[in-house]
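Residue strings, one per chain:
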Amino acid sequence: QQYVFDFAEGNTRDKELLGGKGANLAEMTRLGLPVPPGFTIATTACRHYLTTGREPDGLAQQVGAHLADLQERTGKRLGDPEDPLLVSVRSGAKFSMPGMMDTVLNVGLNDMSVVGLAARSGDERFAWDSYRRLVQMFGKTVLGIDDGRFDESLEACKKSRRVDSDVDLDAADLRGLVDEFKHIVYTETGRDFPQDPRQQLDLAIRAVFDSWNTERARLYRRQERIPDDLGTAVNVCTMVFGNLGPDSGTGVAFTRDPATGAQGVYGDYLPNAQGEDVVAGIRNTLSLAELERIDKASYDQLLDIMATLERHYLDLCDIEFTIERGKLWMLQTRVGKRTAAAAFRIAAQLASEGLIDDDEMLSRVRGEQLAQLMFPQFDPAAPREVVAGGMAASPGAAVGKAAFDSATAVAWARDGEDVILVRRETNPDDLGGMVAARGVLTSRGGKTSHAAVVARGMGRTCVTGVEALRVDPGRKEFTTPDGTRVKEGDVISIDGGTGEVFLGEVPVVPSAVVDALHEVTDDGVTEDGVRTTEDGDDVVSAVLRVMRQADRRRRLDVRANADTPDDAARARSLGACGIGLCRTEHMFLGPRRRIVERLILARDDDTRQAALDELRPLQRADFTDILAAMDGLPVTIRLLDPPLHEFLPDLTDLSVRVAVAEATGEPDAAAAELLSEVQRLHEQNPMLGMRGVRLGLVIPELFTLQVRAIAEAAAELRQQGREPRPEIMVPLVAAVQELEAVRDLAGETIAQVSKETGVELTIPVGTMIELPRSAMTAHQIAEAAEFFSFGTNDLTQTTWGFSRDDVEATFFPTYLESGVFGVSPFESIDTEGVGRLVSIAAWEGKETRPDLKVGICGEHGGDPASIHFFESILLDYVSCSPFRVPVARLEAARASV
Ligand code: PEP
Ligand code: MG
């Protein structure tokens, strides 16, 4: 089996085998660009080593043969005391993992060959500096010696010579340092620094293999979702030197600006230096323009090469290069990383230039990048001081006064103040505060904690799990790691894109992209004509151009989850073609909760009817406003879903009240009676209890009230000449019989309203599919349902048996850590389990009823990976929070090209 490949043998498509760096070195070699000769040891060798603990048979011989070939071509020998060949040994996995793995430079130097290098280069200082670097790098990466040991020694040397920079050390100093470094190697490992160059090479290769599994590399892969078993390739490349004097140097460059996407080359150059000096930021670099002054010929050649690379890769490339005594060498290239803004601009530019087509343009940007551009951001130029960090739970930049309870947040917001709600963790009682706040900060919980999920849903900035902060809700303050106390009312700033927390106000700039997205989807033109085109070379134009193509290409419809008229209007303006989920529970909380309480606890028909009569006009007004905001578009209204206890007084509070009253000798009979009622209705597992359709069947008046309110709202709007399109959705259905009962009841009510108002009403009745049983009996359920909407939050909860409210704080961290799953199934759909249920149910539902509309309205509706899955199983629509609508439009299109 071939494990070793010459640079001239591969090409850019071989990333799996040769790693990204190796494949691109091969590609550049094929293009005839000046790449120093070398060879790549394939990932297959690394995988063999990682699974068996030893190099595969034949690897040593193959390396030997390629080395011999390299020696022949360069006319030098590794370790030759007269004129040594030196090589670099670099890692290079399929996916770039910047700075995560190891590199050893100058392999081939020893006590003899350093003399030859000095003679050949005519630069004794350079030779000893190269040797010094080898011993240090080898000591650190191959032998695992703490780099601090070498640094101390280097610092001591500089101090004794009274110089600031290592460039000021002379050959004799460096020679002394080599001795010291070798001594460190000996004392730390009990062995001498290896003088045999081939042994150096073999050990360095092995060290690169091993670096695949360092802690930081594993962590990086987990974050970036790179599989753990790919392994890395190893590139062995002839050394060229940028540190041979003023006519040498090294640099990095980009074919376009990776920060802004602006056209034109962009880069840094450092004369008389080696690669790692640029990255380490030891000295200040020069701009490429200065290179033109220093070495016009190399500069011109470099620009030429960059143009060739861009034309070849049809994308932004970044490169590393070295100039050795006036000769330019290419050390690396790859399609470069870029910011979200640059991604959109570059994709649109390349499409405008005709270099890529419009579908390719879509594949060059990601929904998450669009999401980033949609959030307000902290002014990058503004000074700020980070006091702690946590999870970047929901992006955005929020500034406000710290409030430690929901009521305060609500009260302050009502007075026009910006508020950040600070809690240890949030629960449903905090909803009001979260709605009112600019941002939410918690010291506990992860990216799928209540705070995170709800905040993301509302497009609210959120940072969770800032464990370094001690939040004391009782005293209404939190303490930072350095002991600073932040009290209620103090201003703080949080960055939901990075998880950072700042004291005081950091200035925020709004997103021009959001404004433009709103304006264009309104009717294509702005009132003041600010943004009517997508032809400019700026981020906004680029986003508009990409979105137009996305809307042309996507098959999936995108609706929004919205339950207020404001949210409905926002969603519509951001391109939603309807509401996929209007949750009605919040309409029964707050001041109205008391009325619901009376309804539930009513002992006689009159009391019950009185409560219903009070609620109905309120409900009707809720629906009229939302239906009006979505005039002409479907609005799926879900009948009441939450567990009963949410509408009743808190059991503990009430028990205390009754006990206290009794203890004081003034028993409260009414409270005691209420308590016994609440106790009777109390459930151990409310999420599996009397909620959704179950509540509707036990207290049919509740659902009937809602259906009547919907029908009356629709009739009223129709009478005004509007086109309301409500759809009634029943939650938590497990059996078709449940749905049939509600459907019949709803049918009667709608018919009654029709008769009363004289308006003919057709209101489809459908169901959520959020229990495994309903998914598995979709055939039957579709007989009674006119549409399905998958509630993948509950479906995930009930399929895995995970409590969606608790897992985050308990075992999910362990599960993520140990790889049971790479990402929470509440965040991204578990395609194998939950996804399979969705797919089967959608299919069987359509078998029963070919015109069945099938959508999804769980959190997954706004998650890119999940959207790609829903496209693959041909659902009709996804529904997500208003703010995610553009992201979903883009990802739906990307999923279908
Ligand atoms: C769901 O369960 O996926 C859903 C959308 O309903 P809720 O989140 O309101 O339970
Ligand atoms: Mg649900």
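Residues numbered from 1 in each chain as written. Chains lettered and ligands numbered in written order. Predicted model: local features only at pLDDT ≥ 70, side-chain atom pairs only at ≥ 80, totals over all residues.

(A) Region of the structure containing the overall build of the chain. Of regular secondary structure, the chain possesses 35 helices and 33 strands. The dimensions of the chain, computed from C-alpha atoms along their principal axes, are 105 × 65 × 60 Å. Across the 897 residues that make up the chain, the buried fraction comes to 50%. Sequence separation of 24 or more characterises 67% of the internal contacts of the chain that already satisfy a separation of 6 or more. (Helix = DSSP H or I, 4+ residues; strand = E, 2+ residues; numbered from the N terminus. Buried ≥ 20, exposed ≤ 12 C-beta atoms within 10 Å, placed from the backbone. Contact = placed C-beta atoms within 7 Å.)

(B) Expanded view of the nonpolar core. Formed by 257 residues in total, the largest nonpolar core has its most connected members in Phe344, Ala347, Val543, Val546 and Val878. Broken down by element, this core gets its largest block of residues, 11 residues, from helix H27 (residues 700–719). Dropping the residues within four chain positions of it, Val878 is found in contact with Leu556, Val558, Gly855, Ile856, Gly861, Ile867, Phe870, Ala888 and Ala892. (Core = buried A, V, L, I, M, F, W, Y, C linked by C-beta atoms within 7 Å.)

(C) Structural detail: the site of ligand 1. In the vicinity of ligand 1, the contacting residues are Leu581, Arg583, Asp641, Glu770, Gly791, Thr792, Asn793, Asp794, Cys857 and Gly858. Considering each element in turn, the shell around ligand 1 owes the most residues, 3 residues, to helix H31 (residues 792–800). Looking at side-chain class alone, the shell around ligand 1 contains 2 nonpolar, 4 polar and 4 charged residues. (Near = placed C-beta within 6 Å. Nonpolar A, V, L, I, M, F, W, Y, C, P; charged D, E, K, R; others polar.)

(D) Region of interest: the environment of Asp537. Following the sequence through the fold, Asp537 ends up in the loop between helix H19 (512–523) and helix H20 (539–553). With 120 residues separating them along the chain, Asp537 and Arg657 place their C-alpha atoms 67 Å apart. Beyond its immediate chain neighbours, meaning those up to four positions away, Asp537 contacts Arg345 and Gln349.

(E) Broad picture of the UniProt feature "active site" (unreviewed entry) in the chain. Following the UniProt record, one finds the feature "active site" (unreviewed entry) at His450 and Cys857. As for its position among the elements, His450 is in helix H18 (residues 450–458). C-beta crowding within 10 Å serves as the criterion here: with 24 such atoms nearby, His450 is assigned to the buried category. Mapped onto the elements of the fold, Cys857 is located in the loop between strand E32 (853–856) and helix H34 (864–872). (UniProt positions renumbered as here; feature names shortened; annotations may be inferred.)

(F) Expanded view of the pairing of strand E18 (residues 439–442). The alternating pattern of E18 places Gly439 and Leu441 on one face and Val440 and Thr442 on the opposite face, and all of these are buried. Pairing of strand E17 (residues 419–423) with E18 involves 4 bridges; the strand directions are parallel. Residue pairing for E18: Arg423 is matched across the bridge by Thr442. Direction of pairing for E18 relative to strand E19 (residues 461–464): parallel, over a ladder of 3 bridges. (Pairing = 2+ DSSP bridges.)

(G) Summary view of the environment of Val104. With respect to the helices and strands, Val104 occurs in strand E6 (residues 103–107). Remark: the alpha-carbon pair of Val104 and Val178, spanning 74 residues in sequence, is separated by 16 Å. Each residue touching Val104, except ones within four places of it in the same chain, is listed here: Val89, Met137, Phe138, Thr141, Val142, Ala204 and Ala207.

(H) Local environment of helix H23 (residues 605–629). Between its first and last C-alpha, H23 extends 36 Å over 25 residues, near the 36 Å set by a 1.5 Å rise per residue. At Leu615, H23 shows its maximal kink, close to 25°; a proline, Pro617, follows between one and four residues later. For H23, the complete set of buried residues consists of Ala611, Leu615, Gln619, Arg620, Asp622, Phe623, Thr624, Ile626, Leu627 and Ala629. Looking at the packing, one finds that the buried side of H23 touches helix H21 (565–573), strand E27 (579–582), helix H22 (593–601), strand E28 (634–638), H27 and strand E29 (725–730). (Expected span 1.5 Å × (residues − 1). Bend = angle between axes of the 7 residues up to and from the residue.)

(I) Looking closely at the confidence of the model for the chain. When pLDDT is averaged along the chain, the result is 91; 96% of the residues meet or exceed 70. Note that residues 523–532 has pLDDT below 50 and, in this model, 8 contacts with residues that lie over four places away or in other chains. Quick note on the complex model: pTM equals 0.81, ipTM equals 0.99. (pLDDT = per-residue confidence, 0-100.)

(J) Highlighting the sheet that holds strand E12 (residues 327–335). Sheet architecture is open: 5 strands sit in the order E10-E9-E8-E11-E12, paired in antiparallel fashion. Edge positions in the sheet fall to strand E10 (286–287) and E12, since each has one partner strand and no second. The pairing of strand E8 (residues 249–256) with strand E9 (residues 263–271) spans 7 bridges and is classified as antiparallel. Its bridge partner lying in E9, Phe254 is registered against Tyr266.

(K) Seen up close, the domain arrangement of the chain. When the domains of the chain are assigned, the result is domain 1 (4–238), domain 2 (249–335), domain 3 (376–509), domain 4 (554–643 + 683–896) and domain 5 (651–682). Placing a centre on the C-alpha atoms of domain 2 and another on those of domain 5 gives a separation of 77 Å. (Domains from an automatic or database assignment.)

(L) Representation of unusual backbone geometry. With phi around 50°, Asn272 is a residue other than glycine that occupies positive phi space. Tracing the backbone through its elements, the reader meets Asn272 in the loop between E9 and helix H10 (275–280). Exposure remark for Asn272: the 18 C-beta atoms within 10 Å place this residue in the partly exposed category. Phi at Lys476 is positive, roughly 55°, even though this residue is not glycine. Note on placement: Lys476 falls in the loop between strand E20 (470–472) and strand E21 (477–479).

(M) Quick look at the environment of Gly416. Secondary-structure assignment places Gly416 in the loop between helix H16 (406–414) and E17. Look at Gly416 and you get exposed, because 6 C-beta atoms sit within 10 Å. Distance from Gly416 to Ala436, taken between C-alpha atoms, is 10.0 Å for residues 20 residues apart in sequence.

(N) Representation of the packing of H23 against H27 within the structure. Their axes nearest at 8 Å, the elements H23 and H27 cross at an angle of 45°. If you check the angle between H23 and H27, you find them oblique. In this structure, H23 crosses over H27, and the sense of that crossing is right-handed. Packed against H23, whose contacting residues are Arg608, Leu612, Leu615, Arg616, Gln619, Arg620, Phe623, Thr624, Leu627 and Ala628, the element H27 presents Glu701, Leu705, Gln706, Arg708, Ala709, Ile710, Glu712, Ala713, Ala714, Glu716 and Leu717 at the interface. (Axes fitted to C-alpha atoms, helices over the stretch in contact; angles between N-to-C directions. Parallel < 35°, antiparallel > 145°, perpendicular 65-115°, else oblique. Left-handed = near helix turned anticlockwise from the far one by under 90°.)

(O) Geometry of the packing of H20 against helix H35 (residues 885–896). Running from N to C, H20 and H35 point in directions that differ by 60°, and their axes come no closer than 8 Å. In this view, H20 runs oblique relative to H35, as classed from their interaxial angle. For the pair H20 and H35, the sense of crossing is left-handed. Two secondary-structure elements touch here, H20 through Met547, Ala550, Asp551 and Arg553 and H35 through Pro886, Arg889, Leu890, Ala893 and Ser896. Partitioning the contact of H20 with H35 into residue classes produces 5 nonpolar, 1 polar and 3 charged.

(P) H22, seen in detail. Buried within H22 we find Val596, Leu599 and Ile600. Taken end-on, H22 shows its buried residues confined to a sector of 95°, consistent with a single buried face. The inward-facing, buried residues of H22 abut H23. (Arc of directions from axis to C-beta.)

(Q) Seen up close, the pairing of E29. Most of E29 sits inside the fold, with 6 of its 6 residues counted as buried. A two-sided burial pattern is seen for E29, the buried positions comprising Arg725, Glu727 and Met729 on one face and Pro726, Ile728 and Val730 on the other. In this structure, E28 lies alongside E29, joined through 5 bridges in parallel fashion. Residue pairing across strands places Ile637 opposite Ile728, the latter belonging to E29. Pairing between E29 and strand E30 (residues 765–769): 3 bridges, direction parallel.

(R) View of the sheet that holds E21. The 3 strands are arranged E20-E21-E22 in an open sheet whose pairing can be described as antiparallel. Only two strands of the sheet have a single partner each, and these edge strands are E20 and strand E22 (485–487). Pairs of neighbouring strands in the sheet enclose a mean axial angle of 20°, with direction left out of account. Where E20 lies against E21, 3 bridges are found, and the strand directions are antiparallel. Each residue of the ladder has a partner; that of Asp472, found in E21, is Glu477.

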